[in-house]
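As a plain string of letters, each chain reads:
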Amino acid sequence: QVQLVESGGGLVQPGESLRLSCATSGRVSRINVMGWYRQAPGKERDLVASITRWGNANYADSVKGRFTISRDNAKSTVYLQMNSLKPEDTAVYYCNNKDPIYGNYWGNGTLVTVSS
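Residues numbered from 1 in each chain as written. Predicted model: local features only at pLDDT ≥ 70, side-chain atom pairs only at ≥ 80, totals over all residues. Heavy atoms only, no water.

S.K.: Explanation requested: the overall build of the protein in the structure shown.
M.R.: Counting its secondary structure elements, the protein contains zero helices and 11 strands. In the protein, the succession of α and β elements from N to C terminus is β-β-β-β-β-β-β-β-β-β-β. Expected size for 116 residues packed as a compact globule is a radius of gyration near 13 Å; at 13 Å, the protein falls within 12% of this value. Based on the C-alpha atoms only, the size of the protein along its principal axes is roughly 45 × 25 × 20 Å. Here the protein holds 116 residues, and the buried ones make up 41% of them. Within the protein, contacts between residues separated by at least 24 positions form 53% of all contacts whose residues are at least 6 apart in sequence. Of the accessible surface of the protein, which amounts to about 6,300 Å², a share of 47% is contributed by carbon and sulfur atoms. (Helix = DSSP H or I, 4+ residues; strand = E, 2+ residues; numbered from the N terminus. Rg over C-alpha atoms; globule rule 2.2 N^0.38 Å. Buried < 20%, exposed > 50% of the residue type's maximum accessible area, 1.4 Å probe, protein only. Contact = heavy atoms within 4.5 Å. Areas by Shrake-Rupley, 256 points an atom, 1.4 Å probe, with all protein chains shown as cover.)

S.K.: Sorry if this is basic, but what is going on with the pattern of salt bridges here?
M.R.: Note that side chains of opposite charge can pair when their charged atoms are close. As enumerated under the stated definition, the model contains three salt bridges in all. Put simply, aspartate 89 and arginine 38 hold a salt bridge, and the shortest N to O gap is 2.9 Å. Taken together, the residues span a long stretch of sequence, with aspartate 89 in the loop between strand 8 (77-82) and strand 9 (91-99) and arginine 38 in strand 4 (residues 33-39) at a distance of 51 residues. Among the salt bridges present, the one from lysine 64 reaches aspartate 61, with a minimum N-O distance of 3.1 Å. With a relative accessible area of 63%, aspartate 61 lands in the exposed category. Through salt bridges with shared partners, a single network forms among Arg38, Arg66 and Asp89. (Salt bridge = Lys/Arg side-chain N within 4 Å of Asp/Glu carboxyl O.)

S.K.: Looking at this model, I keep getting lost on the packing of aromatic side chains. Mind explaining?
M.R.: Summed over the entire model, instances satisfying the criterion amount to one aromatic pair. Taking the centre distance of 4.9 Å and the plane angle of 70 degrees together, the rings of tyrosine 37 and tryptophan 106 count as edge-to-face. Linking tyrosine 37 in strand 4 with tryptophan 106 in strand 10 (residues 103-106), this pair joins segments that are 69 residues apart in sequence. For tyrosine 37, a relative accessible area of 16% corresponds to the buried category. Between arginine 19 and the ring centre of tyrosine 79, over which it is positioned, the NZ or CZ distance is 4.1 Å. (Phe/Tyr/Trp six-rings, centres within 6.5 Å; stacked < 30°, edge-to-face > 60°. Lys NZ or Arg CZ within 6 Å of the ring centre and 35° of its normal.)

Pasting the structure below:
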């Protein structure tokens, strides 16, 4: 069983920054892909960014140049650095572990609110 625990959400003003963290426990393979998704009220859950074990990252167009995903394989932790936050970034952010061997797992989510 894999468990994902997110932290770092909160309330910020437009233009400010936040850093989300997701700690993973349990068995993961060397070919898992970690990612961050978000879901705003009344909308579907969408991919924000993902990263392979070797650091290959992929971003949604809406966050390119503002968000950076990274991972520390030794700590089994993935991060999302969010800069220049906008009100439209407001959502619940979910950590995801997509592992072709051990399965697909989600965290419980952390709320990010961007408001003046």
